[in-house]
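Structural overview
Chain by chain, the residues run as shown.
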Amino acid sequence: MTDSVRLAKGVVEVAACSRSEAVQYIEGGWVSVDDVVVEEPGVRVLPTQKVVLLPKASLVQMDPATILLHKPAGMTLDDAYASISAATLYAEDRSGRRFLQAHIRKMESTDAFEVQASGLVVFTQDWRIARKVIEDNATLEHEYIVEVRGDMVPDGLTRLGRVSKYNGKAMAAKVSWQNEKRLRFAIKGAQPGVIAYLCELVGLTIVEMRLIRLGRVSMSALPVGQWRYLLGYERF
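A quick note: this is a predicted structure, and the numbers were derived from the prediction, not measured.

1. As for the pairing of strand β14 (residues 205-214)
Pairing between strand β8 (residues 118-124) and β14: two bridges, direction parallel. Looking at the pairing, Ser-118 lines up with Arg-210 of β14. Pairing of strand β9 (residues 141-149) with β14 involves eight bridges; the strand directions are antiparallel. By the bridge assignment for β14, Val-148 is matched with Ile-206. In this structure, β14 lies alongside strand β15 (residues 217-218), joined through two bridges in antiparallel fashion. Among the inter-strand pairings, Leu-214 is bridged to a residue of β15, identified as Val-217. Remark: two residues form the turn of the hairpin made by β14 and β15, two consecutive strands paired antiparallel; Gly-215 in that turn has positive phi of roughly 60°.

2. Remarks on the packing of aromatic side chains
For the structure shown, the criterion picks out four aromatic pairs. Ring centres 5.1 Å apart and planes at 45° place the aromatic pair Tyr-166 and Tyr-197 in the tilted group. You can see Tyr-166 sitting in strand β10 (residues 165-166) and its partner Tyr-197 sitting in helix α6 (residues 194-201), a full 31 residues away along the chain. Seen in terms of ring centroids, Trp-227 and Tyr-229 are 4.9 Å apart; in terms of plane orientation they differ by 80°. Their pairing is edge-to-face. Side by side, Trp-227 and Tyr-229 carry an identical accessibility label, which is buried. The ring of Tyr-229 is capped by Arg-97, whose NZ or CZ atom sits 5.3 Å from the centre of that ring. The ring centre of Trp-30 lies 4.2 Å from the NZ or CZ of Arg-98, which sits over that ring.

Calculation notes
- Residues numbered from 1 in each chain as written.
- Predicted model: local features only at pLDDT ≥ 70, side-chain atom pairs only at ≥ 80, totals over all residues.
- Heavy atoms only, no water.
- Pairing = 2+ DSSP bridges.
- Helix = DSSP H or I, 4+ residues; strand = E, 2+ residues; numbered from the N terminus.
- Phe/Tyr/Trp six-rings, centres within 6.5 Å; stacked < 30°, edge-to-face > 60°.
- Buried < 20%, exposed > 50% of the residue type's maximum accessible area, 1.4 Å probe, protein only.
- Lys NZ or Arg CZ within 6 Å of the ring centre and 35° of its normal.

So this is what it looks like as structure tokens:
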């Protein structure tokens, strides 16, 4: 490998650009080595390998990415993040974005994460969205569908509507029956464990639960284990 060079140096020679511009091209997914796109500037290439700057290559700064994942029940936050790849991108994603490794670097996630729940998880590189989802949690509504067992105490729904704090923090819940086995919870100030607490308060036990909406963004038809990009017009 004594004749090999870092890919960034190879792009400098091919594109007659600066080293920083070469890194930007590579991380933007605009460079191929032997017809395979490579996104790591430090990868070493040999003189016999073909380094190409792809057509339409651009140095325009990429917009920060926000990802909506439908996680299965029992998946931890770390495993949820690790599951994001080109292979798990929803086939009907309508964003028009090419998946890049750069899209999943330095991401934050919602802080109301429930390991035992399935449903919507948000990862974002956009500080504005992170602030909305994380810092404005007290005013952002989380909608859960919860299958329960047991017999609710008399006036249980009224009692749930009166709960104003959990773990010392303000919260508000609107609860209704979706059918004889499932409840719909719309909660502001959601925290991990709050659904179990509310159910136990009225004599119920959780069978399974799913987060289907965060603010104004719904999970809709996104399949379990797959993800998509937040669309430009969607707002939390």
